[in-house]
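# Fold and contact review
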Number of protein chains: 2
Amino acid sequence: MSGDVKTRTDAGVSPVERLHALVGGDMAATDRLIHARMHSGVPLIPDLARHLIDSGGKRLRPLLTLAAARAGGYGGEGHVMLAAAVEFIHTATLLHDDVVDESSLRRGKVSANLMWGNKSSVLVGDFLFSRAFQLMVETGNLAVLDILSGAAAIIAEGEVMQLKSANNLGVTEEHYLSVVTAKTAALFAAAAEAGAVIATLSAPVVEGMRAYGMNLGIAFQLVDDALDYSGRQALMGKTVGDDFREAKMTLPIILAHARAHQADKPFWKRVIETGNQSEADLDRAITLVEETGAIQETMRRARAYADAAKAALGVLPQSEIRTALAEIADFCVERAY
Amino acid sequence: MSGDVKTRTDAGVSPVERLHALVGGDMAATDRLIHARMHSGVPLIPDLARHLIDSGGKRLRPLLTLAAARAGGYGGEGHVMLAAAVEFIHTATLLHDDVVDESSLRRGKVSANLMWGNKSSVLVGDFLFSRAFQLMVETGNLAVLDILSGAAAIIAEGEVMQLKSANNLGVTEEHYLSVVTAKTAALFAAAAEAGAVIATLSAPVVEGMRAYGMNLGIAFQLVDDALDYSGRQALMGKTVGDDFREAKMTLPIILAHARAHQADKPFWKRVIETGNQSEADLDRAITLVEETGAIQETMRRARAYADAAKAALGVLPQSEIRTALAEIADFCVERAY
């Protein structure tokens, strides 16, 4: 079979796209619901929301919700509402993160706050966040409301922790990991867990899906942080060096600084602690991060979390969805190469 | 009895304080819960939240929740959780409003975003908003979650509407009223309604409490908008002219512009439409707003909404709480004199 067109086509399809196909019409239904519920009589709201929602994001988080529910044989409609809610929470955090980070590019487009202003980004984020809760309420399931409201609080804590740890070379790997767990992995975990809960799966399966999402989310963020010091990032339509310019203490910097020759310490002190950077500093930082093996080590750890995510899938019966979820964990790391 | 000390003391107590006393330990319990739940392992969060939460706000919105439940004879604990949730939603909107409006004074203190930065204000607002939902989930009551998540979406819509209507002299009274209803009155209405719902009161009582909150909220905002052009505002520790400087289309401006002599129209065009203002313009605006009777008319309308709020209380059995709620409607208007 390996020579025929279909197989060749399959080989070119990412596991994310394969999982989209496996959840059948669920993702199309989720997209319809997202577009219906981001509507408002105030036109700026859907205009601004659409800027992010229709910008070609992979819908990875809602996909986890749909897949977890489907893998458990769920036949209801609640998982679609939850998936839309998860995407709204994610979009709201992106809008608020744009305000926060003054980042100029998001998914290759001019960020919303540059086009509409900080004010609108904050308020539209609030609107989408509220819509997310309205959708959860419609499921009538208090357990999923508990999971996702808890995740939302943890995400905000993670964002504040990240904010406070910028410009601080004393940030430890442990602190970095707690930031990543809170700001990114908590939503991946909650998305997968909520899908399993709405499908009334057993406690071990719920826990397994949560562990899958958590580990996948950490791997995802580690890779993201490595890519910010990589030329490949530019090919993906994102700027390189955003984290560097904001003096964010991501793992590549923590490791590069820890492993730095004595002669390079003043460089890190200047560009990170004082934030005093010139044009050429990013290139030097990329060189130092590469030379010290910090990128390689960051990717090695991402690989370990991806493997842990795959192992957690053992709670699910064998299925095409389970296979695709495992491949997504691999894909999440491999996209960096 | 009128000569004794107790009566004289009572006369000096505002109806808000009287209602605080009438709900007994409920407000103290609400305050304890607020302080317990704004805690986070990330110290900046309670530090920043405390700045607003402990700044001497009257807790009017949570008071409505407690009073509605108590007036209906509720004996559970859910109303305290809801009251804390309502105050968290209110505080989150203040934090996001500070970012939005670049206002320099809030309740007489330097606003949070000036002390901690816009970034922190957005994220701590998100945290409190999430905590609000966690508290609602704990009540186990989906109806109140529905009411308050709906209100939160409407508040965001109202804030966006307000943002988009600044600098526009074409804004109608009807549009202004829809902004006020959404950005302010929706939370007053939801706070009172949710208190009635958790107390499992009958549909007419729930509707009556909602109508009370809605009309009170509109009256409250009309008075606030009048005070922004009044010297009394300064005595309350707030800046005067915030709305003017932001070229907000509040009722005093809408009316003053509609009633303006032809000779004064260019003034309004310059200061509102172009936003080109000098120091002396606020004084002139205050004079014009006074001369055209715009403040008087704004207050007359506030009075009508306060009366509608009082009429809505007819659904409640006679009680000291009902009396205090009626007096709060009067007080809300009279604080301007």
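Residues numbered from 1 in each chain as written. Chains lettered and ligands numbered in written order. Predicted model: local features only at pLDDT ≥ 70, side-chain atom pairs only at ≥ 80, totals over all residues.

Bringing the overall build of chain A into the picture now. Secondary structure assignment for chain A yields 18 helices and 2 strands. Here chain A holds 337 residues, and the buried ones make up 55% of them. (Helix = DSSP H or I, 4+ residues; strand = E, 2+ residues; numbered from the N terminus. Buried ≥ 20, exposed ≤ 12 C-beta atoms within 10 Å, placed from the backbone.)

Once that is clear, we can look at the packing of helix α4 (residues 44–53) of chain A against helix α8 (residues 118–139) of chain A. Residue and element names in this part refer to chain A. It is the contact of α4 with α8, at a shortest axis distance of 10 Å, that shows an interaxial angle of 90°. On the basis of the axis angle, α4 is roughly perpendicular to α8. Taking contact as the criterion, the partners of Leu 44, Ile 45, Leu 48 and Ala 49 in α4 are, on α8, Ser 120, Val 124, Phe 127 and Leu 128. Tallied by class, residues from the contact of α4 with α8 come to 7 nonpolar, 1 polar and no charged. (Axes fitted to C-alpha atoms, helices over the stretch in contact; angles between N-to-C directions. Parallel < 35°, antiparallel > 145°, perpendicular 65-115°, else oblique. Contact = placed C-beta atoms within 7 Å. Nonpolar A, V, L, I, M, F, W, Y, C, P; charged D, E, K, R; others polar.)

The subject of this paragraph is the interface of chain B and chain A. Accessible area lost during the coming together of the parts is what is often quoted as the interface size. Between chain B and chain A, the contact holds 36 residues from the first and 36 residues from the second. Contributions of two or more residues to the side of chain B that touches chain A are made by α4 (44–53), α6 (78–101), α8 (118–139) and α9 (142–165) of chain B. Grouping the amino acids of the side of chain B that touches chain A by side-chain chemistry returns 20 nonpolar, 9 polar and 7 charged.

Glancing now at the relation of the copies chain B and chain A. Here chain B sits on chain A after a turn of 180° about the axis and a move of 0.0 Å along it, with an RMSD of 0.0 Å. In short, the pair behaves as if placed about a two-fold rotation axis. (Least-squares fit on C-alpha atoms with pLDDT ≥ 70 in both.)

Residue and element names in this part refer to chain B. Over its 12 residues, helix α5 (residues 60–71) extends 16 Å from the first C-alpha to the last, a length consistent with the 16 Å expected when each residue adds 1.5 Å. For α5, the tally of buried residues reaches 11 of 12 residues, placing the bulk of the element in the interior. Gly 73 lies just past α5 and shows a positive phi near 75°. (Expected span 1.5 Å × (residues − 1).)

On to the environment of His 35 of chain A. Residue placement: His 35 of chain A occurs in helix α3 (residues 26–37). Linking His 35 of chain A and Ala 308 of chain A, residues 273 residues apart in sequence, is a C-alpha distance of 35 Å.

Turning next to the nonpolar core. Counting residues in hydrophobic clusters, the biggest one holds 246 residues, and the most contacted among them are Ala 85, Leu 148 and Ala 219 of chain A together with Ala 85, Leu 148 and Ala 219 of chain B. Look past the residues within four positions of Ala 85 of chain B in its chain and what remains in contact with it is Ala 132, Leu 135, Met 136 and Leu 148 of chain B. (Core = buried A, V, L, I, M, F, W, Y, C linked by C-beta atoms within 7 Å.)

The next thing to look at is α8 of chain A. Residue and element names in this part refer to chain A. For α8, with 22 residues, the first-to-last C-alpha span of 32 Å sits near the 32 Å given by 1.5 Å per residue. Buried residues dominate α8, accounting for 20 of its 22 residues. After α8 finishes, the residue Gly 140 shows a positive phi value of roughly 70°.

Our next topic: the packing of helix α17 (residues 294–312) of chain A against helix α18 (residues 320–334) of chain A. Residue and element names in this part refer to chain A. Interhelical geometry of α17 versus α18 gives an angle of 175° and a closest axis separation of 9 Å. In this view, α17 runs roughly antiparallel relative to α18, as classed from their interaxial angle. Counted together, Met 299, Ala 302, Arg 303, Ala 306, Ala 309 and Lys 310 of α17 and Ala 326, Ala 329, Asp 330, Cys 332 and Val 333 of α18 form the full contact between these two elements. Looking at the contact of α17 with α18, its residues break down into 8 nonpolar, no polar and 3 charged.

Take the environment of Glu 159 of chain A next. Residues and elements named next belong to chain A. Along the polypeptide, Glu 159 turns up in helix α9 (residues 142–165). The class of Glu 159 is buried, set by 27 C-beta atoms lying within 10 Å. Linking Glu 159 and Lys 183, residues 24 residues apart in sequence, is a C-alpha distance of 5.6 Å.

All names here are of chain A. Scored by pLDDT, chain A comes out at a mean of 90, with 89% of its residues at no less than 70. Within the model, the stretch residues 1–10 combines pLDDT values under 50 with 2 contacts to residues more than four positions away or in other chains. Below a pLDDT of 50 lies the segment residues 100–107, which in the model reaches 22 contacts outside its immediate sequence neighbourhood of four places, other chains included. (pLDDT = per-residue confidence, 0-100.)

It is worth spelling out unusual backbone geometry at this point. Residues and elements named next belong to chain A. Unlike most non-glycine residues, Arg 59 shows phi in positive territory, near 55°. Note on placement: Arg 59 falls in the loop between α4 and α5 (60–71). For Arg 59, a count of 21 C-beta atoms within 10 Å gives the class buried. Despite not being glycine, Ala 247 shows a phi value in the positive range, around 55°.

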